[in-house]
Every structure is written in structure tokens, then in C-alpha cells.
Amino acid sequence: MMQKKLLVILSITLNSVAYAACQNNIIATAPDSRYQLLNNGAEVKDLKTNLIWQRCSLGQTWSGSSCTGGGGQYNLQGALQAAQNTEGGWRLPNIKELRSLVERSCFSPSVNERIFPNTVAGFYLSSSPTIWAGDAGSNWIISFSDGRDEYDNKNSVKYYTRLVRSE
């Protein structure tokens, strides 16, 4: 009877936590070895790009073992203002920097979840404007659900944000 209760509790716990679906037969593009944890785990240095990332999305809090909270959503002006109000030289990443976090072997979210836990599988905003005629005021965004690039043609829609700084 005790084993049955333990199995039910374990099953409920595992079913209530979301994990990325990763394909083990695809070589990881963002393996653990690429990253170094800093500032008691609240920051991550990407050893390939030499960028330092906030481990949690803007609006989440580092608990010492994971990112807590759902993360806030920001339009471009709100994200730029939030970055400016955050001490430590943080800024909104450009599209190439943000794209470097995509883990191609995973989806929902398409990121290394051991390094960036509880990343929302949604669109993240970049500071890179699109350059097409007629799309003035639009910026590139990345879906961390499946890793694809798109662009926001309104700049009023709110997206998730992860801040970065140069070393």
C-alpha cells in the first residue's frame, strides 16, 4: 500500500512539472559545457559568445535553485525601460545574441533548461529592428517554443524578455 501511495505522489509531481521535449539523437547546440554559472547561479556566462545572461526571464526571480514566477511581458519601450532600470549594465539582446540561446534539439521550450530553468515557451523580444520597407517600428522576436524567428509588426504587443550584458 505504501508503494502505491508513493507512486501516485510521484506521478502527480511529475505530471505537474513542464519539461522540454529533447531529441537525444540530435547533437545539442547549447550543451551544459558551454555555460558557466556566476553570481550564486543567478547569471550565466556563455563561453562561446562571452555574453553574460540573466538566468531567469525578466519578471522571474532566482530562488537559488530555479527561476520562480511566470515572467513578465513587455512591449519594446517597456523592455528597454526595464533593462535601463536594472542595475549592472543589462540590456535587451539583439536577435543574433538571443538566437544563440536556442537549443535546436529541444522544443517547448527550445532552450537548455538545466541552465535556464522554467523558461517560458513563448516569444522573446530582441532589440533588433526589421529592415523591410513598410515595417518601420517592428522588431525581431524568437519563439522559445520551437526556436523560430519572427517579427513583431506592431511594437505594442507584449513579449517575454531575457536581459544580457557584455563581459
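Keep in mind that what you see is a predicted model, and the values were worked out from it rather than measured. (Residues numbered from 1 in each chain as written. Predicted model: local features only at pLDDT ≥ 70, side-chain atom pairs only at ≥ 80, totals over all residues. Heavy atoms only, no water.)

When you look at the overall build of the chain in this model, what are you seeing that I'm missing?
Assigned secondary structure in the chain consists of 3 helices and 11 strands. When the helices and strands of the chain are read in sequence order from the N terminus, they spell out α-β-β-β-β-β-β-α-α-β-β-β-β-β. Looking at the chain residue by residue over its 167 residues, the buried ones come to 43%. In the chain, of all internal contacts separated by at least 6 residues, the share reaching a separation of at least 24 is 60%. If you sum the accessible surface of the chain, you get close to 9400 Å²; carbon and sulfur atoms cover 54% of it. (Helix = DSSP H or I, 4+ residues; strand = E, 2+ residues; numbered from the N terminus. Buried < 20%, exposed > 50% of the residue type's maximum accessible area, 1.4 Å probe, protein only. Contact = heavy atoms within 4.5 Å. Areas by Shrake-Rupley, 256 points an atom, 1.4 Å probe, with all protein chains shown as cover.)

Explanation requested: the packing of aromatic side chains in the structure shown.
The description of two aromatic rings rests on the distance between their centres and on the angle between their planes. Counting across every chain of the model gives 4 aromatic pairs. Centroid distance phenylalanine 123 to tyrosine 159: 6.3 Å. Interplanar angle 75 degrees. Geometry classified as edge-to-face. Taken together, the positions of phenylalanine 123 in strand S8 (residues 123–129) and tyrosine 159 in the loop between strand S10 (149–152) and strand S11 (164–166) put the pair 36 residues apart, joining distant regions of the chain. What makes tyrosine 159 buried here is its relative accessible area of 10%. Aromatic rings pair up to connect Tyr124, Phe144 and Tyr160 into one cluster. (Phe/Tyr/Trp six-rings, centres within 6.5 Å; stacked < 30°, edge-to-face > 60°.)

In this structure, what is going on with helix H2 (residues 76–85)? I would like to understand it.
Since the α-helix turns once every 3.6 residues, residues separated by three or four places project in the same direction. For H2, the set of buried residues is Leu76, Ala79, Ala82 and Ala83. When H2 is viewed along its axis, its buried side chains cluster within an angular range of 130 degrees and face the same direction. Looking at H2, the residues exposed on the side facing more than 90 degrees away from the buried face are Gln77, Gln84 and Asn85. The inward-facing, buried residues of H2 contact S8 and strand S9 (139–143). Where H2 begins, the side chain of asparagine 75 points an oxygen toward the backbone nitrogen of glutamine 77, at a separation of 3.3 Å. (Arc of directions from axis to C-beta. Polar contact = N/O pair within 3.5 Å; in protein donor to acceptor, adjacent residues only side chain to side chain.)

Whenever I open this one, the side chain of lysine 45 confuses me. Can you help?
Looking at the element boundaries, lysine 45 is found in strand S3 (residues 43–46). Among the polar contacts made by the side chain of lysine 45, one reaches the side chain of glutamate 167 at a distance of 2.5 Å. The residues touching lysine 45, leaving out its near neighbours within four places in the chain, are Arg34, Tyr35, Gln36, Leu38, Asn50, Leu51, Ile52 and Glu167.

Is there a simple way to think about the pattern of salt bridges in this case?
Opposite charge on two side chains allows them to pair when their charged atoms are near. Tallied over the full model, the rule gives 6 salt bridges. Here glutamate 167 ties to lysine 45 by a salt bridge, and the two come within 2.5 Å at their closest N and O atoms. Placement of glutamate 167 in the segment after S11 and of lysine 45 in strand S3 is noted, with a sequence separation of 122 residues between them. For lysine 45, a relative accessible area of 12% puts it in the buried group. Between glutamate 97 and arginine 91 there is a salt bridge; the shortest N-O distance is 2.8 Å. (Salt bridge = Lys/Arg side-chain N within 4 Å of Asp/Glu carboxyl O.)

Is there a simple way to think about the sheet that holds strand S2 (residues 35–38) in this case?
Two strands in a sheet stick together by hydrogen bonds in their backbones, pointing the same way (parallel) or opposite ways (antiparallel). Taken together, the 4 strands give an open sheet; going across it, the order is S2-S3-S4-S11, and neighbouring strands pair in antiparallel fashion. Strand pairing shows two members of the sheet lacking a second neighbour, S2 and S11, which therefore form its edges. Within the sheet, the average angular offset between the axes of one strand and its neighbour, ignoring direction, is 25 degrees. (Pairing = 2+ DSSP bridges. Axes fitted to C-alpha atoms, helices over the stretch in contact; angles between N-to-C directions.)

Sorry, what's going on with unusual backbone geometry here?
A negative phi angle characterises most non-glycine residues, just as the trans form characterises most peptide bonds. At asparagine 39, a residue that is not glycine, the phi angle is positive and equals roughly 50 degrees. Assignment of secondary structure puts asparagine 39 in the loop between S2 and S3. A positive phi angle is found at asparagine 40, which is not glycine, with a value near 60 degrees. Note that asparagine 40 resides in the loop between S2 and S3. On the accessibility criterion, asparagine 40 (73% relative accessible area) is exposed.

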